Amino acid sequence: MLVLTSTFDGQDVAKSISHGIAESLKWKWQPDVKNYQVEIYINMSDEFIVVGFPIPKSEKDQERAEGNELDESSPKESSDMNVLSLRHYIKVNGMRSSLAWTMAHVAEIKEGQVILDPMCGKGTLLLESCYHWRNNVFIGFDDNSDKLQVARETIEYSKLCIQLHRGDARRLPLMEKSVDRIICDIPFGQKYSNYEFCKENYPKFLEEFFRITKDECKLVLLTAQQRLLEWNLERKFQNKWKLERKLNVRLGKTEATIFVIVKPNLEDQNATNKRAKIG
């Protein structure tokens, strides 16, 4: 068997895609990284390639791109362009909506499930999930009242059905085994915390998530502290959580990873172990 490998960086991909598009359209469109009219988003991994591009925006969306409704913490976009991350149902951008959709997609949400974001911030993950997977229960917690207020205003604007509460992700007021999916942008020590906070609290998050989730629940967690989260999963929670897959993403200049983690069905696992011992 012949195995071929190749490494591409962002510039290589950008040049190849832009040249291919221009050539196929007989150079009616020219690549231009500064004064562009259409933004193309590409996310590549060893498993898949996601290509996204914006459809023409309405006048209302264009006004939002030019106005003050974009959150200061969201990526700055050119005001006269079609902005891929804008959504007509999201008033204030937090996380990029395209990234939020990807996280919800890999969670494999099924109808009738309870979906939780225990550190929801301004609510982008919940909004994007709820908009595309309607027939579910969506719950968000955050310990920052200012962010929650923004999330409430955005949810009211969207007219989507999402429950919001103030609470600590390490001590959530939820019953055991009551949640089907957790989708969360956890702190990773750059903007709202530091490495020592992450080192101390990642085990507490994982323990609390284990308590409140059903068997076969999926966690979809975004972090730039990849080694720290993997170390906890391998050393402290090897019997409670199983890493299913990782997707690398870029947050500006930051290299981050989406972790898809599964809670095993412990009853099935114990029954299998018993059969193995008997045999």
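Relevant structure appears above.
The present account deals with the structure reproduced in this document.

Cut-offs used in this document
- Residues numbered from 1 in each chain as written.
- Predicted model: local features only at pLDDT ≥ 70, side-chain atom pairs only at ≥ 80, totals over all residues.
- Heavy atoms only, no water.
- Helix = DSSP H or I, 4+ residues; strand = E, 2+ residues; numbered from the N terminus.
- Polar contact = N/O pair within 3.5 Å; in protein donor to acceptor, adjacent residues only side chain to side chain.
- Contact = heavy atoms within 4.5 Å.
- Buried < 20%, exposed > 50% of the residue type's maximum accessible area, 1.4 Å probe, protein only.
- Pairing = 2+ DSSP bridges.
- Phe/Tyr/Trp six-rings, centres within 6.5 Å; stacked < 30°, edge-to-face > 60°.

### Looking at the side chain of D117
Secondary-structure assignment places D117 in strand β3 (residues 114-117). Of the polar contacts made by the side chain of D117, one reaches the backbone nitrogen of C120; its length is 3.5 Å. Beyond its immediate chain neighbours, meaning those up to four positions away, D117 contacts L125, L126, I139, G140, F141, I183 and C184.

### Remarks on the pairing of strand β7 (residues 213-223)
Burial of β7 is extensive: 8 of the 11 residues sit out of reach of the surface. Alignment of strand β6 (residues 179-185) against β7, held across 6 bridges, turns out to be parallel. Each bridged residue has a counterpart across the sheet, and for D185 the counterpart in β7 is L222. Two elements, β7 and strand β9 (residues 254-262), share 6 bridges in a ladder whose sense is antiparallel. Each residue of the ladder has a partner; that of L219, found in β9, is I261.

### Here we look at the packing of aromatic side chains
Going through the model one piece at a time under the given rule, you end up with 4 aromatic pairs. Both rings, one in Y202 and one in F205, keep their centres 6.4 Å apart while their planes meet at 45°; by these two values the pair is tilted. Here Y202 pairs with F205, and both are found in helix α6 (residues 195-212), just 3 residues apart, close to one helical turn. Residue Y202 is classed as buried on the basis of its relative accessible area of 1%. A residue is classified by how much of its surface remains accessible, and F205, at 4% relative accessible area, is buried. The interplanar angle of 85° and the centroid separation of 6.0 Å between the aromatic rings of F210 and W241 together place this pair among those described as edge-to-face. Pair noted here: F210 is in helix α6 and W241 is in the loop between α7 (226-235) and β8 (242-251), with a separation of 31 residues, a long-range link. Of the two residues, F210 and W241, neither departs from the other in class, the shared state being buried.

So far we have only geometry, and geometry alone does not tell us how the molecule works.
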